[in-house]
Amino acid sequence: MTSRKWMGKGFTQLAVILIMALNLIPLIIAFSTSLRDPKDNTNPLVLFQGMSLASYTAAFERMHFLDALWNSVVLTGVSVIFVVLFAAMASYPMARLKTKLSKFMYLFFLSGLVVPAQMVLIPIVQMINALHIPTNQYTPIFMFITCSLPFSTFLYTGFIRSGVPEEVEEAAHMDGAGLFQRFWTVVFPLLIPVTVSVIITQGVWIWNDYFFNMIFISGAGQSPLPLAMLGFMGDQQNPTQWNVLFAACFLCALPLLLVFLFLQKYFVGGMTVGAVKG
């Protein structure tokens, strides 16, 4: 039994190493390619040869990185703030009230998880035009908030049910705290782990989104980072400079990596506790 157990552990570790290698090898090749001169077209499988930051410099200048970064920060930041506020306030009554209406509303929000946003894009565009809402760098915020609410309310509702004891609210109620005061001063501060999870899961998607930005944003100076990378895609006359494109990809991913490193301990706790009950 002992030998079988060790063999099983060894096989599991080997499988984990192979899976990690399959995921890391493409990233290593892309990172190695990004460290080459834009005109260096040697075999990409030859790693870290002739390293240079020229591709990063070219990517930084050609995509107007600081302007695109600011546009991405505004889009992501504003969207995530409203998602957190709306999802937390909507989840609180759904988690606490034991009525048919609260159950229906919970299922109503969950139904948004099975409806792809692309299916309703045309009616939404028609509605935006009918309401004379201008299409600029802020228009995708409406879509980001709408598409993020179903999953966010699912996390918040499960976390409130399992991770926020009702006795804490009852004590605040006995002290004379009203409904909104109980939520903002007692409940919401306890939602930090799941709030960080919502910020990371939805923030990463909004940051990397290309589809909605392409549909609603037309101005060159309004492009966030995903749209700014379009300038590196070539054609038959001007082939793609893969070295510069990979450098642009890593520049776009760097802010997310820094945020994740700062919030990762909250992220794991919020995902595990928030998924206990649905």
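What you see is a predicted model, and the numbers here were worked out from it, not measured in a lab. (Residues numbered from 1 in each chain as written. Predicted model: local features only at pLDDT ≥ 70, side-chain atom pairs only at ≥ 80, totals over all residues. Heavy atoms only, no water.)

Draft legend 1. Seen up close, a nonpolar patch on the surface. Taken together, Val 16, Met 20, Leu 24, Leu 27, Ile 28, Phe 31, Leu 47, Phe 48 and Met 51 make up a surface patch of nonpolar side chains, about 800 Å² in accessible area. Inspection of the secondary structure assignment puts Leu 27 in helix α1 (residues 2-34). Taking relative accessible area as the criterion, Leu 27 reaches 48% and is therefore assigned partly exposed. (Patch = residues over 30% accessible without salt bridge, like charges linked within 9 Å, V, L, I, M, F, W, Y side chains within 5 Å. Areas by Shrake-Rupley, 256 points an atom, 1.4 Å probe, with all protein chains shown as cover. Salt bridge = Lys/Arg side-chain N within 4 Å of Asp/Glu carboxyl O. Helix = DSSP H or I, 4+ residues; strand = E, 2+ residues; numbered from the N terminus. Buried < 20%, exposed > 50% of the residue type's maximum accessible area, 1.4 Å probe, protein only.)

Draft legend 2. Local environment of the nonpolar core. Counting residues in hydrophobic clusters, the biggest one holds 32 residues, and the most contacted among them are Tyr 156, Val 187, Leu 191, Val 194, Val 198, Phe 212 and Phe 216. Apart from residues no more than four positions distant in its own chain, Val 187 is found in contact with Tyr 92, Val 164, Glu 169 and Arg 182. Counting residues in each nonpolar core, the second largest holds 19 residues, with Phe 65, Met 229, Leu 245 and Ala 248 among its members. (Core = buried A, V, L, I, M, F, W, Y, C linked by side-chain atoms within 4.5 Å. Contact = heavy atoms within 4.5 Å.)

Draft legend 3. Region of the structure containing the packing of helix α3 (residues 65-96) against helix α9 (residues 192-208). As a packed pair, α3 and α9 sit with axes 9 Å apart at the nearest point and diverge in direction by 140°. One finds that α3 runs oblique with respect to α9. Here α3 and α9 pass one another in a crossing that is right-handed. Across the interface between the two elements, Leu 69, Ser 72, Val 73, Leu 75, Thr 76, Ser 79, Val 80, Val 83 and Val 84 of α3 pack against Thr 195, Val 198, Ile 199, Gly 203, Ile 206 and Trp 207 of α9. (Axes fitted to C-alpha atoms, helices over the stretch in contact; angles between N-to-C directions. Parallel < 35°, antiparallel > 145°, perpendicular 65-115°, else oblique. Left-handed = near helix turned anticlockwise from the far one by under 90°.)

Draft legend 4. Region of interest: helix α5 (residues 121-130). Where α5 is concerned, the buried positions are Leu 121, Ile 124 and Ile 128. Taken end-on, α5 shows its buried residues confined to a sector of 65°, consistent with a single buried face. With respect to the buried face of α5, the exposed residues turned more than 90 degrees away are Ile 122, Gln 126 and Ala 130. One or two positions beyond α5, positive phi appears at His 132, with a value near 60°. (Arc of directions from axis to C-beta.)

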